[in-house]
Amino acid sequence: MKIVVKKEDAVKKTFKGVSLDSLSVGEKSQVTKMNYVLGNYASPHRHPHEQSGYVISGRYELTVNDEKYELNAGDTYSIPGNTLHSFRVLEAGNVIDVFTPPREDYM
């Protein structure tokens, strides 16, 4: 665990076709920057991690259970752990996601 992670030291990874930067990883949380391109999507899934996000740029469709939401720059969201959700990129951009606890598969 590092107290400060400089942007040039962020861990770059591709997970299921999506480029992401693992920015900061603490004992109980993780911050990632998702670098989405048109065509990226996450099919319906669930994970034990609570997920909260902030849309920096782009446009997205978030589905939580059966409810659809359009997300644009400045919008935020929180998805409880073990909740069925999916994500589709409508316009390329970046999203900051915070996971609690950290996602081992993103490191």
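Scroll up to find the structure.
On a predicted model such as this, the values are computed, not experimentally measured, just so you know.

## As for the environment of L20
Here is step 1 of the chain: Mapped onto the fold, L20 is located in strand β2 (residues 18-25).
Here is step 2 of the chain: What makes L20 buried here is its relative accessible area of 0%.
Here is step 3 of the chain: Separated by 38 residues in sequence, L20 and G58 place their C-alpha atoms 15 Å apart.
Here is step 4 of the chain: Leave out the neighbours within four places in its chain, and L20 touches V11, K12, K13, F15, K33, M34, N35 and Y106.

## Side note on the pattern of salt bridges
Here is step 1 of the chain: Following the criterion strictly, the structure yields 6 salt bridges and no others.
Here is step 2 of the chain: Between R59 and E70 there is a salt bridge whose closest N-O contact spans 3.6 Å. Of this pair, R59 sits in strand β6 (residues 59-64) while E70 sits in strand β7 (residues 67-72), placing them 11 residues apart in sequence.
Here is step 3 of the chain: Between D105 and R103 there is a salt bridge; the shortest N-O distance is 2.8 Å.
Here is step 4 of the chain: A residue is classified by how much of its surface remains accessible, and R103, at 7% relative accessible area, is buried.
Here is step 5 of the chain: The network of salt bridges with shared partners includes K12, D21 and K33.

## Remarks on the sheet that holds β7
Here is step 1 of the chain: Strand order in this open sheet of 4 strands is β4-β9-β6-β7, and the pairing throughout is antiparallel. Each having just a single partner strand, β4 (41-45) and β7 make up the two edges of the open sheet. Across the sheet, the mean angle from the axis of one strand to that of its neighbour is 20°, orientation sign disregarded.
Here is step 2 of the chain: Sheet topology note: the β6/strand β9 (residues 85-91) ladder contains 6 bridges and is antiparallel. Looking at β9, one finds that Y60 is bridged to V89.

Thresholds, definitions, all that
Residues numbered from 1 in each chain as written. Predicted model: local features only at pLDDT ≥ 70, side-chain atom pairs only at ≥ 80, totals over all residues. Heavy atoms only, no water. Helix = DSSP H or I, 4+ residues; strand = E, 2+ residues; numbered from the N terminus. Buried < 20%, exposed > 50% of the residue type's maximum accessible area, 1.4 Å probe, protein only. Contact = heavy atoms within 4.5 Å. Salt bridge = Lys/Arg side-chain N within 4 Å of Asp/Glu carboxyl O. Pairing = 2+ DSSP bridges. Axes fitted to C-alpha atoms, helices over the stretch in contact; angles between N-to-C directions.

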